[in-house]
Amino acid sequence: MVQNSPLVGTWSLLTWFNETSEGHRIYPLGKEAEGFISYTPDGFVFVQMVAKNRTLYTVNDPFGGTLEEDLTAIKSQISYSGSYEDKGDHVIHRVKAASCPNWIGTEQIRQVTFDGDSLSLSAVGTRFQGQNVNAYLDWTRADPSSPL
């Protein structure tokens, strides 16, 4: 149980970018990406991030898309869930389900910093889109009354 962790709750994505060793910023889901990360008191984490204004399928069926629609859909989002362990300056996400099947069974380690109701997570030296980058994600406490 991690009930006393300051991570507990749901956070809304403000920005996600990856930075190369040359200082170039890459926004994998665009500068207006949206999403949530939720840390539960019983030790689970759920992450869902998506590109803004994703392309719709021609039919309203999650398994009815064409190969092109499926490719566009998978490349415009990232999600995973599992358990987590709060270590203070970093958190360990133990992935049990993920949109990237290679992450299942791995530990995703994120550095943690807080500033009021803002949370920053970072991952140094991670492999993404074919290159080594440092990933930076900024979150704010989610407001359930905010419009979709």
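Preceding block: the structure.
**Student:** Residues and numbers for the overall build of the chain, please.
**Tutor:** Across its full length, the chain holds one helix and nine strands. Mapped in sequence order, the helices and strands of the chain form the string β-β-β-β-α-β-β-β-β-β. A compact globule built from 148 residues would reach a C-alpha radius of gyration of about 15 Å, and the chain, at 16 Å, matches this within 12%. Dimensions of the chain, computed from C-alpha atoms along their principal axes, come out at roughly 45 × 40 × 30 Å. When the 148 residues of the chain are sorted by exposure, 37% land in the buried category. Of the contacts formed within the chain by residues at least 6 apart in sequence, a portion of 49% connects residues at least 24 apart. For the chain, the exposed area adds up to about 9100 Å²; of that, 53% sits on carbon and sulfur atoms.

**Student:** I'd like a rundown of unusual backbone geometry, residues and numbers included.
**Tutor:** Its identity is not glycine, yet Asn53 carries a phi of approximately 55 degrees, on the positive side. By the element assignment, Asn53 lies in the loop between β4 (44–50) and α1 (67–75).

**Student:** Residues and numbers for the layout of surface pockets, please.
**Tutor:** One number sums up the size of the second largest pocket: a volume of about 340 Å³. If you go around the second largest pocket, you meet 13 residues; those closest to its centre are Ile74, Lys75, Gln77, Ile78 and Phe128. Those elements that provide at least two residues to the lining of the second largest pocket are α1, β5 (77–86) and β8 (118–128). Each residue belonging to the lining of the second largest pocket can be placed in one class, and the counts come to eight nonpolar, three polar and two charged.

**Student:** Lay out the side chain of Asn18 in plain terms, naming residues and giving numbers.
**Tutor:** Locating Asn18 in the fold gives a position in strand β1 (residues 9–19). The class for Asn18 is buried, based on a relative accessible area of 2%. Among the polar contacts listed, one links the side chain of Asn18 to the side chain of Trp16, at a separation of 3.0 Å. Asn18 has contacts with His24, Arg25, Ile26, Pro28, Phe128, Val133, Asn134, Ala135 and Tyr136, leaving out every residue within four places of it along the chain.

**Student:** How would you summarise the pattern of salt bridges if you had to cite specific residues and measurements?
**Tutor:** Enumeration according to the criterion identifies five salt bridges in this entry. Two residues, Arg25 and Glu19, come together in a salt bridge whose shortest N-O distance is 3.6 Å. A salt bridge links Arg94 to Glu85, with the shortest nitrogen-to-oxygen separation between them at 2.8 Å. Its relative accessible area of 28% is what places Glu85 among the partly exposed residues. In this structure, a network of salt bridges that share partners links the residues Glu85, Lys87, Arg94 and Glu107.

**Student:** Which residues make up the environment of Val50, and what values go with them?
**Tutor:** Position of Val50 relative to the elements: it lies in strand β4. For the pair Val50 and Ile78, spaced 28 residues apart in sequence, the C-alpha to C-alpha distance is 6.5 Å. When sequence neighbours within four positions are dropped, the list of residues in contact with Val50 reads Leu29, Ala33, Glu34, Ser76 and Gln77.

**Student:** Can you break down the nonpolar core residue by residue, with the values?
**Tutor:** Counting residues in each nonpolar core, the largest one holds 27 residues, and the members touching the most others are Trp16, Ile37, Tyr39, Met49, Leu119, Leu121 and Trp139. Those residues in contact with Trp139, other than ones at most four positions away along the chain, are Trp11, Ser12, Leu13, Leu14, Gly35, Phe36, Ile37, Met49, Asp117, Ser118, Leu119 and Leu121.

**Student:** Tell me what's going on with the pairing of strand β3 (residues 34–39), and back it up with residues and numbers.
**Tutor:** As defined by bridge partners, β1 adjoins β3 across four bridges and the pair is classed as antiparallel. Bridge pairing in β3 links Ser12 to Phe36. Strand direction decides the pairing type here: β3 and β4, joined by six bridges, are antiparallel. Within β4, the position partnered with Gly35 by the bridge is Met49. Taken together, β3 and the strand that follows it, β4, pair antiparallel across an intervening segment of four residues, in which Gly43 is found at a positive phi of about 100 degrees.

What counts and what doesn't
- Residues numbered from 1 in each chain as written.
- Predicted model: local features only at pLDDT ≥ 70, side-chain atom pairs only at ≥ 80, totals over all residues.
- Heavy atoms only, no water.
- Helix = DSSP H or I, 4+ residues; strand = E, 2+ residues; numbered from the N terminus.
- Rg over C-alpha atoms; globule rule 2.2 N^0.38 Å.
- Buried < 20%, exposed > 50% of the residue type's maximum accessible area, 1.4 Å probe, protein only.
- Contact = heavy atoms within 4.5 Å.
- Areas by Shrake-Rupley, 256 points an atom, 1.4 Å probe, with all protein chains shown as cover.
- 1 Å grid on protein atoms, 1.4 Å probe; cavity = no way out; pocket = protein on both sides within 12 Å on 5 of 7 lines; lining within 4 Å.
- Points joined across faces, edges and corners; volume = space filled by probe spheres on them.
- Nonpolar A, V, L, I, M, F, W, Y, C, P; charged D, E, K, R; others polar.
- Polar contact = N/O pair within 3.5 Å; in protein donor to acceptor, adjacent residues only side chain to side chain.
- Salt bridge = Lys/Arg side-chain N within 4 Å of Asp/Glu carboxyl O.
- Core = buried A, V, L, I, M, F, W, Y, C linked by side-chain atoms within 4.5 Å.
- Pairing = 2+ DSSP bridges.

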